[in-house]
Amino acid sequence: MKRIAQITDIHLMEVWSAKHGADTDTNLKLLLQDVGARGIREVIFTGDIGHADAYQRFFALLKDFDFTVIPVNHDKFADIRPHYLP
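Residues numbered from 1 in each chain as written. Predicted model: local features only at pLDDT ≥ 70, side-chain atom pairs only at ≥ 80, totals over all residues. Heavy atoms only, no water.

Bridge analysis of strand E2 (residues 42-45) against strand E3 (residues 66-69) gives four bridges, and the strand direction is parallel. Across the sheet, Phe 45 pairs through a bridge with Val 69, a residue of E3. In terms of handedness, the path from E2 via helix H3 (residues 55-61) over to E3 forms a crossover that is right-handed. (Pairing = 2+ DSSP bridges. Helix = DSSP H or I, 4+ residues; strand = E, 2+ residues; numbered from the N terminus. Right-handed = clockwise from strand over helix to strand, strands pointing away.)

Set out below in structure tokens:
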């Protein structure tokens with residue numbers, strides 16, 4: 001049986017998240033550790049990555065997974081492209 005993790009709306013490095021006490025970087029790291037510990041290697045991320053300055057960090061954290069990113073309303077493809085496409 002194939003298992004896939006679906007993650008969405010992490011809003012890395014966004015002012016609103018930090019203002020409301022969310023440590024989005026730690027949350028994503030813990031989430032990905034849990035996904036990996038469950039033996040899941042494929043991740044589908046369905047948008048709202050966060051601030052454009054967070055994209056490099058986001059893709060670095062996903063490097064050990066097979067992943068797909070589906071941009072949505074808060075994501076800009078121009079910010080994603082340098083990290084996601086060869």
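What follows is about the sheet that holds strand E1 (residues 4-7). Backbone-to-backbone hydrogen bonds pair the strands of a sheet. The strands run either parallel or antiparallel. The strand order across the open sheet formed by three strands is E1-E2-E3, and the pairing between neighbours is parallel. On the outer flanks of this sheet lie E1 and E3, each paired with one strand and no other. Taking the axes of each pair of neighbouring strands and ignoring which way they run, one obtains an average angle of 20° across the sheet. As judged from the four bridges shared by E1 and E2, these two strands associate in the parallel manner. Considered in E2, the bridge of Gln 6 is made with Ile 44. (Axes fitted to C-alpha atoms, helices over the stretch in contact; angles between N-to-C directions.)

Taken over all residues, the pLDDT of the protein chain has a mean of 93, while the share at 70 or more is 99%. By mean pLDDT, the top-scoring element of the protein chain is E1 (98), and the lowest-scoring one is helix H4 (residues 77-84) (88). (pLDDT = per-residue confidence, 0-100.)

Attention now moves to the pattern of salt bridges. Under the defined criterion, the tally for this structure stands at five salt bridges. When the shortest N-O distance is used, the salt bridge between Glu 42 and Lys 2 registers 2.9 Å. Here Lys 2 lies in the segment before E1 and Glu 42 lies in strand E2, a separation of 40 residues in the sequence. Judged by its relative accessible area of 22%, Glu 42 falls in the partly exposed class. For Lys 2, a relative accessible area of 62% translates into the label exposed. Note that Arg 38 and Asp 34 form a salt bridge whose closest N and O atoms lie 2.8 Å from each other. Put simply, Asp 25, Lys 29 and Arg 57 are held in one network by salt bridges that share partners. (Salt bridge = Lys/Arg side-chain N within 4 Å of Asp/Glu carboxyl O. Buried < 20%, exposed > 50% of the residue type's maximum accessible area, 1.4 Å probe, protein only.)

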